[in-house]
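Chain residues, written in single-letter form:
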Amino acid sequence: MLNFQHYFYNLQVSNQSGRVISFKNISKSYGGDIILDNISLEIEEGEFLVLLGASGSGKTTLLKMINGLIDASEGEIYVEGNPLQDLSIIEWRRSIGYVIQHVGLFPHYSVYDNIALMPRLKKWEESRIKEAVKDWMSRLGLDYELLAHKLPKALSGGQIQRVGLARALITKPKILLMDEPFSALDPIIRKKIREDFRKIQQKEKITTVMVTHDLQEAISMADKICLIADKKIQQLGTPTSLVFKPANSYVSNFIASDQFQAELGACKLKDLTPFLKESFNDQVKDDSLLSRLQNVSTKENSVLMNAFYQWKEQL
Amino acid sequence: MKDFITFIDQNKAEVLNQVIEHIELTLISLFFASIVGIGLGIFIAGRKKSAQVFISFVNIIQTIPSLALLGFLIPLMGIGMVPAITALFLYALLPIVRNTFAGITEVDTAVMEAGIAMGLQKHQLLLKVQIPLALPYIMAGIRTASVINVGVATLSAFIAAGGLGKFILQGIQLNNSNMILAGAIPASLLALLFDAVLGLIQKSQLKTIKRVLIGSVILLIGYFAFKLINSTSFTTDAESKRMKGGFPSEFIYREDGLQGLLKAYDFKLDYVEMEIGLMYQALKQGEVDIISGFSTDGRIKGYDLTILRDDKNYFPPYEAAPMLRKDILLKYPELKAVFQKLAGGISTDAMTEMNFKVDEEKRLPKDVAKDFLLKQGLIGKEPSEGQKYSGLIKVGSKAFTENYILAHIFQLMIEHHTQLKVEMKIGFGGTKLLMDAMKNDEIDLYPEYTGTALLLMLDPISAQKSTLLNSPQKVYDYVNEQSQIQFGFEWMPSLGFNNTFAMLIREEDAKRYNLGNLSDFSDFIKQP
């Protein structure tokens, strides 16, 4: 269904391109309770940024400031250099994809009409909409003939979230905001959707901000992780730096609960190449060690683990 | 059962007509209530803080008794379809507003959040998301309202707005159970029908609901247009000084009521059927021009009305007197002495004055009765304390002011002059009901009028009637004798006033057209 090599070719995240979103000294308080305190953060074009934190840490609040669902108490948000408040909020929202845990498909709309919602708001022609709906349904592994004219209540949880993704992606948004999008799914489906989504995201270079409390999910998906605790950003960096070079005790405590898996997840197969006789092919070199270990022989397992310890040592 | 079917069969046209009127009342009010109710529901859904205030307000409307609401509306809107529809509209409002509000506020927050985040504007959210998703709730509200309205619409007959209430109202007053059923059964069926049809719509798909709603709106608008064109042409034709009557159904259907009156004075009159309590107000407001009242009614004074003299002595005398069951008199002979004290003690003026105090000065019948008796020296202060009761007397009355006052006068007299305890069972809907209650020992006495007894109870032959009519004493003697023979009821001495039927018009009309008696009125009506 998917041409993996093709997608993986585009893996490299562009980090010299412009900043899509900038938070400048953002604070938020509800009736005297400070939730976020003086946060500054840049979101680069095309990157996959994960806002990681325990529940109640304010990560969702931060996310919702991007599309204006929540206003900052203090500070300023810039969109491509322009203050957010100067933009037409309706137009801005229409250029954002938004995916949430409970999806929020319109229950009275068919799958087709749900996905076609944004294109229709943007006044696309119906023929173009139909093309795009078909395309995106197939890219997200949804059978058009079977599902397009069903109501959401006839779908499974995984299908609903895939429709939610199709709805968010169809207009090729400037930025995609996701709030715990996979948390309600069972583990096997969750993993599959994550992978499918990540491939699409990398191919389309969609700037993505995802909120999650799940360390493994953050490590397996993110280009950059922003760990929020105690009203502040505790560390901003790649999964590897977060796991192996925690900036402070907040970060190390957050990782400690699942240290080993986090390390395996943060280690990509390609990182191990210098310590192995053979190299991996393109198809798998970006897989994490964690996922590789799930289906290898005992022998290969010990070889990989040896390489892993050497790599870790050298970090 | 057989009787009922024959009744329906004989009155097919009228039943059908009332059913159509009933549907008209229900649907028109429902239509406006839906528009306003949905609008209000949407409006308050966006303002949750003030929503509770609004909902409490429509809640209060719901708690106003239907008859009281109709009464309030007469000074504002007169009688007929308009106030009836207004009242029904107000009753239908609550379920629709509440359900719309609930439907809109209960749209899944994730759906709303997704909608907002995708850049839907407020009106788009409302039209594409909130209203469609609230529609099943809204339909449920309309469905509840329709059932309420079919029920309340039966009361529209009180203010001459037609509908199945006409049969029910007449049936109660004439004690004709077939007639009551002929109104009640179709009304129930209608309620079930509305409920079923709207239930069906409510459960169908959104698209169907939309189509049905749009279809019915178009149909109703077409219907209004049709009505409007028809009614305007009608009113221009009927632009005349013609007088319109407003009478309670008992008066319309009684042998000695309207039909006989029209025959005796030889004229024709357009009239509508009305509840007694609302008639005076309607006359004052100019909704009707002539009503059938009673000569001692306090409102004659209060509303500047004039009695058209009965110059042909069409109406029999209506002398008021207590009517008792004979066996209670045998058991408590002391009652005779009590009512002897009252004999001739209340003049027509005194009675009118008391009625006026209750109707216009809004005093309680009991207080007015007590004041009167104290003033006349018929009772002392309080009955002596700690006395032991030797028996119980049940006093009844009909449901109008004068009868209430008289019942209280009886109560006070009995309690002050005997050892008997009085239980009040007042407010019976019609003479027949009181008669039945007397026969079944549910009451022991009530204030009755000789004329009523003569014509309604004893059903005399017209020839005999006419010889009696000129003498109140003869009528009294006749009814007393017949009551004892036929029912075992005995009349106490007459109280002293004659509350006969009185045809009432506004004083200004009487002056303008120089109308003094019923013959004048007849001549005036017959003028080209």
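Residues numbered from 1 in each chain as written. Chains lettered and ligands numbered in written order. Predicted model: local features only at pLDDT ≥ 70, side-chain atom pairs only at ≥ 80, totals over all residues. Heavy atoms only, no water.

1. Thoughts on the overall build of chain A
A tally of regular secondary structure across chain A gives 16 helices and 10 strands. When the 315 residues of chain A are sorted by exposure, 51% land in the buried category. Across chain A, every contact between residues at least 6 apart in sequence was considered, and the portion connecting residues at least 24 apart equals 66%. In the structure as shown, chain A presents an accessible area of about 14,600 Å², 47% of it carried by carbon and sulfur atoms. (Helix = DSSP H or I, 4+ residues; strand = E, 2+ residues; numbered from the N terminus. Buried < 20%, exposed > 50% of the residue type's maximum accessible area, 1.4 Å probe, protein only. Contact = heavy atoms within 4.5 Å. Areas by Shrake-Rupley, 256 points an atom, 1.4 Å probe, with all protein chains shown as cover.)

2. Focus: the interface of chain A and chain B
Tallying the contact residues gives 20 residues for chain A and 17 residues for chain B. A buried area of about 1,600 Å², summed over both sides, lies between chain A and chain B, and 71% of it is on carbon and sulfur atoms. Applying the counting criterion to the chain A and chain B interface returns 1 salt bridge. With its nearest N and O atoms 3.4 Å apart, the salt bridge here joins Glu-113 of chain B to Lys-64 of chain A. In this structure, the connection of chain A to chain B is made through 5 residue pairs in polar contact (both at pLDDT 80 or more). Of all the secondary-structure elements, those providing two or more residues to the side of chain A that touches chain B are α3 (89-94), β6 (96-100) and α5 (117-121) of chain A. Grouping the amino acids of the side of chain A that touches chain B by side-chain chemistry returns 12 nonpolar, 4 polar and 4 charged. (Buried area = accessible area lost by both parts, 1.4 Å probe. Salt bridge = Lys/Arg side-chain N within 4 Å of Asp/Glu carboxyl O. Polar contact = N/O pair within 3.5 Å; in protein donor to acceptor, adjacent residues only side chain to side chain. Nonpolar A, V, L, I, M, F, W, Y, C, P; charged D, E, K, R; others polar.)

3. Concerning helix α13 (residues 259-266) of chain A
Considered for burial, the residues of α13 of chain A that qualify are Ala-262, Glu-263, Leu-264, Gly-265 and Ala-266 of chain A. In this structure, the buried side of α13 of chain A is in contact with α10 (215-221), α11 (239-244), α12 (249-256), α14 (269-272), α15 (289-293) and α16 (298-314) of chain A.

4. Some points on the sheet that holds β6 of chain A
Residues and elements named next belong to chain A. Pairing within the open sheet is mixed, and its 6 strands lie in the order β6-β7-β8-β3-β9-β10. With partners counted over all chains shown, the strands left at the sheet margins are β6 and β10 (232-237), one partner each. Along the sheet, successive strands turn relative to each other by an average axial angle of 15°, direction set aside. Here 5 bridges tie strand β9 (residues 224-229) to β10, and the two strands are oriented antiparallel to one another. Residue Ile-228 lies in a different strand from β10, and its bridge partner there is Ile-233. (Pairing = 2+ DSSP bridges. Axes fitted to C-alpha atoms, helices over the stretch in contact; angles between N-to-C directions.)

5. Concerning unusual backbone geometry
Glycine aside, residues mostly have negative phi angles, and peptide bonds mostly take the trans form. Positive phi values are uncommon outside glycine, yet Glu-80 of chain A reaches one of about 45°. Relative to the helices and strands, Glu-80 of chain A resides in the loop between β4 (74-79) and β5 (82-83). Glu-80 of chain A sits in the partly exposed class, given a relative accessible area of 44%. Residue Lys-362 of chain B is not a glycine yet carries a positive backbone phi of 60°.

6. Notes on the packing of aromatic side chains
Residues and elements named next belong to chain B. Summed over all chains, the structure comprises 24 aromatic pairs over all chains. Taking 6.0 Å as the distance between ring centres and 50° as the angle between the ring planes, the aromatic pair formed by Phe-247 and Tyr-271 counts as tilted. Separated by 24 residues along the polypeptide, Phe-247 in strand β1 (residues 244-247) and Tyr-271 in strand β2 (residues 270-273) bring together distant segments of the chain. A residue is classified by how much of its surface remains accessible, and Phe-247, at 0% relative accessible area, is buried. Here the aromatic rings of Tyr-314 and Phe-315 are separated by 4.9 Å at their centres, their planes lie at 65°, and the arrangement is edge-to-face. Given the relative accessible area of 16%, Tyr-314 is considered buried. Taking the relative accessible area as the measure of exposure, Phe-315 reaches 6% and is therefore buried. Aromatic ring contacts, followed pair by pair, group Phe-247, Phe-251, Tyr-271, Phe-294, Tyr-314, Phe-315, Tyr-318, Phe-400, Tyr-449 and Phe-501 into a single cluster. The ring of Tyr-303 carries Lys-284 above its face, with NZ or CZ at 4.7 Å from the centroid. (Phe/Tyr/Trp six-rings, centres within 6.5 Å; stacked < 30°, edge-to-face > 60°. Lys NZ or Arg CZ within 6 Å of the ring centre and 35° of its normal.)

7. Observations regarding the pairing of β9 of chain A
All names here are of chain A. Among the 6 residues in β9, 5 count as buried, and that is most of the element. Taken together, the 4 bridges between strand β3 (residues 48-52) and β9 define a ladder with parallel strand orientation. The residue of β9 that forms the bridge with Val-50 is Ile-225. Where β9 hands over to β10, the hairpin turn is made up of 2 residues, of which Asp-230 adopts a positive phi near 50°.

8. Focus on the confidence of the model for chain B
All names here are of chain B. Overall, the predicted model of chain B reaches an average pLDDT of 85, with 92% of residues at or above 70. Ranking the elements of chain B by mean pLDDT puts helix α22 (residues 462-469) last, at 59, and strand β5 (residues 320-325) first, at 94. Predicted confidence is poor over residues 233-240, with pLDDT under 50, and the contacts of this stretch with residues over four places away or in other chains come to 0 contacts. Confidence metrics for the complex model read pTM 0.68 and ipTM 0.86. (pLDDT = per-residue confidence, 0-100.)

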